[in-house]
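Okay, here's what each chain looks like letter by letter:
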Amino acid sequence: MDLGLTGKVAIITGATQGIGQATAMKLAGEGARVVICARGRERLDDVVAKLRATGAEAIGVQADVGQAADCERLVAEAVSAFGGVDILVNNAGTAQVGAFESVTDETWQADLDLKLFAAVRLCRLAIPSMRARGGGRIVNVTNIGAKQPAARTMPTTVSRAAGQAMSKALSKELAPDGILVNTVCIGLVRAGQHDARAARQGVDAEALYEDMGRTVPLGRVGRADEAADVIAFLVSERASFVTGSSINIDGGASAVF
Ligand SMILES: NC(=O)c1ccc[n+]([C@@H]2O[C@H](COP(=O)([O-])OP(=O)(O)OC[C@H]3O[C@@H](n4cnc5c(N)ncnc54)[C@H](OP(=O)(O)O)[C@@H]3O)[C@@H](O)[C@H]2O)c1
């Protein structure tokens, strides 16, 4: 199936590890020109080199998407390098959970800045270019807790629920412009954040993944490339009648659709 991504310009945030990196590799493999970002310079350079080694056109922008000025610079550099933006994947994020009374205002604000305001700002910045190019695709990466918030899962589940609502409303607002907006809800997927947790706890990452997989109906955690395949479809020409949708990528873990 030809995804129709050749020459499209795609911004993928948080793309030096996990789902973001897998998505960047996938889109580049489909012929897209990719702009990736992360805070850490070294990994950014490594992943850009990896992308270019495949023959893809790629640039890396060191940016903290929780900062408004960095969001502006990210989109400006994409436009300057490749002439516009067709695809935006708001992927950067990490788990931030605790007992409600222990979560400070600062933690709430930082989580909302990273998971909600980054998507709000980057969409606002990219939409004019997408509109001028006759349409576009936005995928906002959230988690399954957005639809079924459990105890001790704030602020993440609240930030993610807000992201779901924003995406749904935006899909209706942008449909006349041919800009399609969808979300994916991630369950448990192998990624940098879990590797880092295993290292912090001094446990073997494979043992941690095996343990996590026991809670998943399919009996294992997912791979980043499995999430990337779904995202690649959603940003493709083949998903031309899909907007305002939210797809669980969770091996059946969520109790709701
Ligand atoms: N993996 C899962 O099981 C899981 C579950 C539910 C939801 N999700 C969601 O899926 C998305 C991808 O997660 P992942 O697990 O694949 O991530 P990951 O492997 O931990 O990688 C996170 C990426 O985001 C970048 N990043 C983090 N904060 C950033 C910031 N403020 N600005 C720019 N880049 C930033 C990191 O690079 P730097 O640190 O260098 O910035 C890294 O490239 C996230 O939104 C996450 O919340 C994942």
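Above: the structure in question.
Calculation rules
- Residues numbered from 1 in each chain as written.
- Predicted model: local features only at pLDDT ≥ 70, side-chain atom pairs only at ≥ 80, totals over all residues.
- Heavy atoms only, no water.
- Axes fitted to C-alpha atoms, helices over the stretch in contact; angles between N-to-C directions.
- Helix = DSSP H or I, 4+ residues; strand = E, 2+ residues; numbered from the N terminus.
- Left-handed = near helix turned anticlockwise from the far one by under 90°.
- Contact = heavy atoms within 4.5 Å.
- Pairing = 2+ DSSP bridges.
- Core = buried A, V, L, I, M, F, W, Y, C linked by side-chain atoms within 4.5 Å.
- Buried < 20%, exposed > 50% of the residue type's maximum accessible area, 1.4 Å probe, protein only.
- Near = heavy atom within 4 Å.
- Polar contact = N/O pair within 3.5 Å; in protein donor to acceptor, adjacent residues only side chain to side chain.
- Areas by Shrake-Rupley, 256 points an atom, 1.4 Å probe, with all protein chains shown as cover.
- Nonpolar A, V, L, I, M, F, W, Y, C, P; charged D, E, K, R; others polar.
- Disulfide = S-S within 2.5 Å.
- Right-handed = clockwise from strand over helix to strand, strands pointing away.

Bringing the packing of helix H6 (residues 192–201) against helix H7 (residues 205–213) into the picture now. Following both chains from N to C, one finds H6 and H7 inclined at 115 degrees, their axes separated by 9 Å at the closest point. Handedness of the crossing formed by H6 with H7: right-handed. Contacts between H6 and H7 involve His194, Asp195, Arg197 and Ala198 from the former and Ala205, Leu208, Tyr209 and Met212 from the latter.

We now examine the sheet that holds strand E8 (residues 179–186). Strands in a sheet are paired, the pairing made by backbone hydrogen bonds, and the direction either parallel or antiparallel. Taken together, seven strands build an open sheet; the order of strands is E3-E2-E1-E4-E6-E8-E9 and the sheet is parallel. Edge positions in the open sheet fall to strand E3 (58–62) and strand E9 (246–249), since each of these has one partner strand only. If you compare each strand with its neighbour and ignore which way they point, the axes differ by 15 degrees on average. Its contacts with the sheet put helix H2 (residues 41–53) on strand E2 (33–38) and E3, and the angle it makes with E3 is roughly 170 degrees.

With that out of the way, let us pick up the nonpolar core. General note: in soluble globular proteins, nonpolar side chains tend to be found buried as a group. Ranked by internal contacts, the top residues of the largest apolar core, which has 35 residues, are Leu27 and Val34. Sorting the residues of this core by element identifies strand E1 (9–13), helix H1 (18–29), E2, H2, strand E4 (87–90), strand E6 (136–143), E8 and helix H8 (224–234) as the ones contributing at least two each. Ranked by the residues each element gives to this core, the list is headed by H8, at six residues. Each residue touching Val34, except ones within four places of it in the same chain, is listed here: Ala10, Ile12, Ala24, Leu27, Ala28, Leu51, Glu57, Ala58, Ile59 and Phe82. In this structure, Val85, Ile127, Ile138 and Leu174 belong to the second largest nonpolar core, which totals 30 residues.

Around the ligand lies a shell of 29 residues, among which Thr16, Asn91, Arg160, Gly192 and Gln193 are the nearest. Measuring from an oxygen atom of the ligand, one finds a backbone N or O atom of Gly18 at 3.5 Å. In this structure, Val189 approaches the ligand through a main-chain N or O atom, which is 2.9 Å from an oxygen atom. For the ligand, the accessible surface in isolation is 880 Å², of which the surrounding protein chains cover 91%. For the shell around the ligand, the secondary structure elements donating two or more residues are H1, E6 and H6. The residue inventory of the shell around the ligand, partitioned by class, reads twelve nonpolar, 14 polar and three charged.

This part takes up the environment of Ala22. By secondary structure assignment, the location of Ala22 is in helix H1. For the pair Ala22 and Glu226, spaced 204 residues apart in sequence, the C-alpha separation works out to 8.7 Å. Other than its neighbours up to four places away in sequence, Ala22 contacts Ala224, Asp225 and Ala228.

Let's shift gears to the side chain of Thr156. For Thr156, the location among the structural elements is in helix H5 (residues 156–174). At a separation of 2.7 Å, a polar atom in the side chain of Thr156 contacts the side chain of Lys115. Those residues in contact with Thr156, other than ones at most four positions away along the chain, are Thr94, Ala95, Gln96, Val97, Asp111, Lys115 and Asn143.

Our next topic: the side chain of His194. Looking at where His194 falls in the secondary structure, it is placed in helix H6. The residues touching His194, leaving out its near neighbours within four places in the chain, are Val189, Leu208, Tyr209 and Met212.

Linking two cysteines covalently via their sulfur atoms produces the bond known as a disulfide. Throughout the structure, instances matching the rule amount to zero disulfides. Sulfur of Cys37: no disulfide; nearest cysteine sulfur belongs to Cys71 and is 7.9 Å away. Note on Cys37: relative accessible area 1%, which makes it buried. Not part of a disulfide, Cys185 finds its nearest cysteine sulfur in Cys123, a span of 15 Å.

As a further point, take the pairing of E2. Burial of E2 is extensive: five of the six residues sit out of reach of the surface. One ladder, built from five bridges, connects E1 with E2; its direction is parallel. Residue pairing in the sheet places Ala10 in a bridge with Val34 of E2. In this fold, the crossover linking E1 to E2 by way of H1 has right-handed handedness. Strand direction decides the pairing type here: E2 and E3, joined by five bridges, are parallel. Counted as the bridge partner of Ile36 is Gly60 from E3. Crossover connection from E2 via H2 to parallel E3: handedness right-handed.

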